[in-house]
Amino acid sequence: MISPFSVIIPARHASTRLPGKMLADLAGVPMVVRVAQRALLSNAGQVVIATDHPDIVAAAAKFDITALLTSTTHLTGTDRLAQAAESLGLGDHDIVVNVQGDEPLIEPAMINAVAQCLADHPNAHIATCAAPIQDAEALFNPNVVKVVCDAKQQALYFSRAPIPWHRDVLANGAKVLAPDLPALHHIGLYAYRCGFLSRFPTLSPGILETIESLEQLRALENGYQIAVKILSTRPFAGVDTEEDLVRVRSILERSV
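Residues numbered from 1 in each chain as written. Predicted model: local features only at pLDDT ≥ 70, side-chain atom pairs only at ≥ 80, totals over all residues. Heavy atoms only, no water.

In the nomenclature of an unreviewed UniProt entry, the protein chain corresponds to 3-deoxy-manno-octulosonate cytidylyltransferase from the organism Jezberella montanilacus. The UniProt entry for the protein chain carries the following comment under Pathway (unreviewed entry): "Nucleotide-sugar biosynthesis; CMP-3-deoxy-D-manno-octulosonate biosynthesis; CMP-3-deoxy-D-manno-octulosonate from 3-deoxy-D-manno-octulosonate and CTP: step 1/1." For the record of the protein chain, the UniProt heading Function (unreviewed entry) holds the text "Activates KDO (a required 8-carbon sugar) for incorporation into bacterial lipopolysaccharide in Gram-negative bacteria." (UniProt positions renumbered as here; feature names shortened; annotations may be inferred.)

*Asks:* Sorry if this is basic, but what is going on with the layout of surface pockets here?
*Replies:* The method is simple in principle: a probe with the dimensions of a water molecule rolls over the atoms, and the space it marks as empty is what remains. What the largest pocket holds in volume is close to 1,800 Å³. Around the largest pocket, the lining comprises 50 residues; the ones closest to its centre are Q100, D102, E103, G188 and D240. Looking at the lining of the largest pocket, the elements that each hand over two or more residues are β1 (6-11), α3 (77-87), β10 (184-193) and α9 (242-255). Looking at the lining of the largest pocket, its residues break down into 20 nonpolar, 18 polar and 12 charged. When its volume is computed, the second largest pocket comes out at roughly 160 Å³. Lining the second largest pocket are P132, I133, Q134, D135, E137, A138, N141, V144, H185, S232, T233 and R234. (1 Å grid on protein atoms, 1.4 Å probe; cavity = no way out; pocket = protein on both sides within 12 Å on 5 of 7 lines; lining within 4 Å. Points joined across faces, edges and corners; volume = space filled by probe spheres on them. Helix = DSSP H or I, 4+ residues; strand = E, 2+ residues; numbered from the N terminus. Nonpolar A, V, L, I, M, F, W, Y, C, P; charged D, E, K, R; others polar.)

*Asks:* I tried to follow empty space enclosed by the protein on my own but got confused; where do I start?
*Replies:* For the structure on display, the rule yields one cavity of 30 Å³ or more. Each pocket or cavity is described by its volume, and for the largest cavity that value is around 50 Å³. Taken together, E103, P104, L105, I106, M110, P235, F236 and A237 make up the full set of residues lining the largest cavity.

*Asks:* Teacher, can you tell me more about the side chain of S159 here?
*Replies:* Summarising the element assignment, S159 is placed in strand β9 (residues 155-159). Within the structure, the side chain of S159 is placed 2.9 Å from the backbone nitrogen of A161, a separation counted as a polar contact. Apart from residues no more than four positions distant in its own chain, S159 is found in contact with V144, V145, K146, E212 and L214. (Polar contact = N/O pair within 3.5 Å; in protein donor to acceptor, adjacent residues only side chain to side chain. Contact = heavy atoms within 4.5 Å.)

*Asks:* It is not clear to me how unusual backbone geometry should be interpreted in this structure. Could you clarify?
*Replies:* Across the chain, the bulk of peptide bonds are trans and the bulk of non-glycine residues have phi less than zero. In this structure, P164 follows I163 across a cis peptide bond, with omega equal to -5°. Inspection of the secondary structure assignment puts P164 in the loop between β9 and β10. The residue D180 is not glycine, and still its phi comes out positive at about 65°. Mapped onto the fold, D180 is located in the loop between β9 and β10.

*Asks:* Before we go on, may I ask you to explain the pairing of strand β5 (residues 66-69) in this structure?
*Replies:* Regular strands place side chains that alternate from one sheet face to the opposite one. Relative to β5, strand β4 (residues 46-51) runs parallel, the two being bridged by four bridges. Looking at β5, one finds that V48 is bridged to T66. As a crossover connection, the stretch from β4 through helix α2 (residues 54-62) into β5 is right-handed. (Pairing = 2+ DSSP bridges. Right-handed = clockwise from strand over helix to strand, strands pointing away.)

*Asks:* Looking at this structure, I do not really get the packing of aromatic side chains. What am I missing?
*Replies:* Think of a pair of aromatic rings as described by two things: how far the centres are apart, and how the planes are tilted against each other in angle. Under the definition given, this model contains five aromatic pairs. With a centroid separation of 6.4 Å and 80° between ring planes, the pair formed by F140 and W165 is classed as edge-to-face. On the criterion of sequence distance, the pair formed by F140 in helix α5 (residues 136-140) and W165 in the loop between β9 and β10 is long-range, its members being 25 residues apart. When the ring of Y190 is compared with that of Y192, the centres are 5.8 Å apart and the planes differ by 25°; the resulting orientation is stacked. Judged on exposure class, the residue Y190 and its partner Y192 are both buried. (Phe/Tyr/Trp six-rings, centres within 6.5 Å; stacked < 30°, edge-to-face > 60°. Buried < 20%, exposed > 50% of the residue type's maximum accessible area, 1.4 Å probe, protein only.)

*Asks:* Can you help me understand the pattern of salt bridges in this one?
*Replies:* Once the charged atoms of two side chains with opposite charge are near each other, the side chains can pair. For the coordinates displayed, the defined rule picks out five salt bridges. Measuring nitrogen to oxygen at the nearest pair gives 3.7 Å for the salt bridge that ties R38 to E107. Of this pair, R38 sits in helix α1 (residues 31-39) while E107 sits in the loop between β6 (95-98) and α4 (108-120), and the two are 69 residues apart along the sequence. (Salt bridge = Lys/Arg side-chain N within 4 Å of Asp/Glu carboxyl O.)

*Asks:* Looking at this structure, how should I read the environment of D92?
*Replies:* Its location among the elements puts D92 in the loop between α3 and β6. Since its relative accessible area comes to 52%, D92 is described here as exposed. Contacts of D92, omitting those with residues within four sequence positions, involve R193, C194 and G195.

*Asks:* Help me out: how do you make sense of the nonpolar core in this one?
*Replies:* Soluble globular proteins: nonpolar side chains tend toward being buried together. Among the nonpolar cores identified, the biggest contains 37 residues, and V7, I9, I49, V97 and V99 are the most heavily contacted of them. Breaking this core down by element, the ones donating at least two residues are β1, α1, β4, α2, β6, α4, β7 (126-132) and β10. Sort the elements by how many residues they give to this core and α4 lands first, with six residues. Filtering out sequence-adjacent residues up to four positions away, V99 remains in contact with V7, I8, I9, P10, V35, I106, I111 and L189. If you look at the next biggest cluster of nonpolar residues, it comprises 28 residues, including A50, C149, Y190 and F196. (Core = buried A, V, L, I, M, F, W, Y, C linked by side-chain atoms within 4.5 Å.)

Following this line, the structure appears as structure tokens:
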């Protein structure tokens with residue numbers, strides 16, 4: 001196993017679809033604190049919440065979770081991550097795993113896996129995860145981000161489009177999942193080398209990132225490599241809507 005890595009959880013207080021969701025109550029514990037508690041079950045050497053709001057810092061403190069107050073002007077979670085890594089004094093070769101603050105059911109083993117994936121690919125600057133797509137609906141859903149990899153499991157491209165495109169099977173407008181198609185659903189869990197994190201905010205968004213609205217394409221467009229850990233199954237989905245919140249509460253209540 002790799003030497004201890006850090007987990008940083010970017011937590012922006014505002015949310016368009018579910019306002020204040022980071023502090024949403026999940027069986028007596030704020031959601032972002034639930035995420036941190038799950039991350040503490042991984043092999044991380046430290047787990048830190050990076051937020052733009054003092055209420056989140058205060059909520060974390062009640063549960064003995066470390067939280068940093070970061071700028072309110074960050075446009076992306078990666079920008080917030082970079083500021084937090086600098087504040088923590090992490091070195092260029094240190095590994096940071098970015099765990100989303102709305103993933104209260106995240107598996108600690110998956111956090112370990114993405115950190116290990118980056119350690120196993122010394123030429124990569126980022127590692128992320130993906131799982132096989134099992135149905136045509138997901139393949140053609142633009143909200144399901146797809147990734148295509150090379151033979152060494154390095155990302156070639158991410159897209160909202162159905163890639164790879166099976167020319168023969170999908171001829172004449174058919175919308176089916178071709179047998180043995182290596183279609184992968186990208187999972188938004190990332191590990192970074194801190195040296196890259198410090199450079200990322202200086203990179204300008206490229207045309208591919210702009211048209212696809214996928215931040216990870218900025219790294220590929222600028223020549224940075226992304227290693228991909230292939231999981232056997234998709235993890236639990238995060239919390240984006242009120243319905244998601246009800247679903248997670250039900251799962252947690254059954255587990256008590």
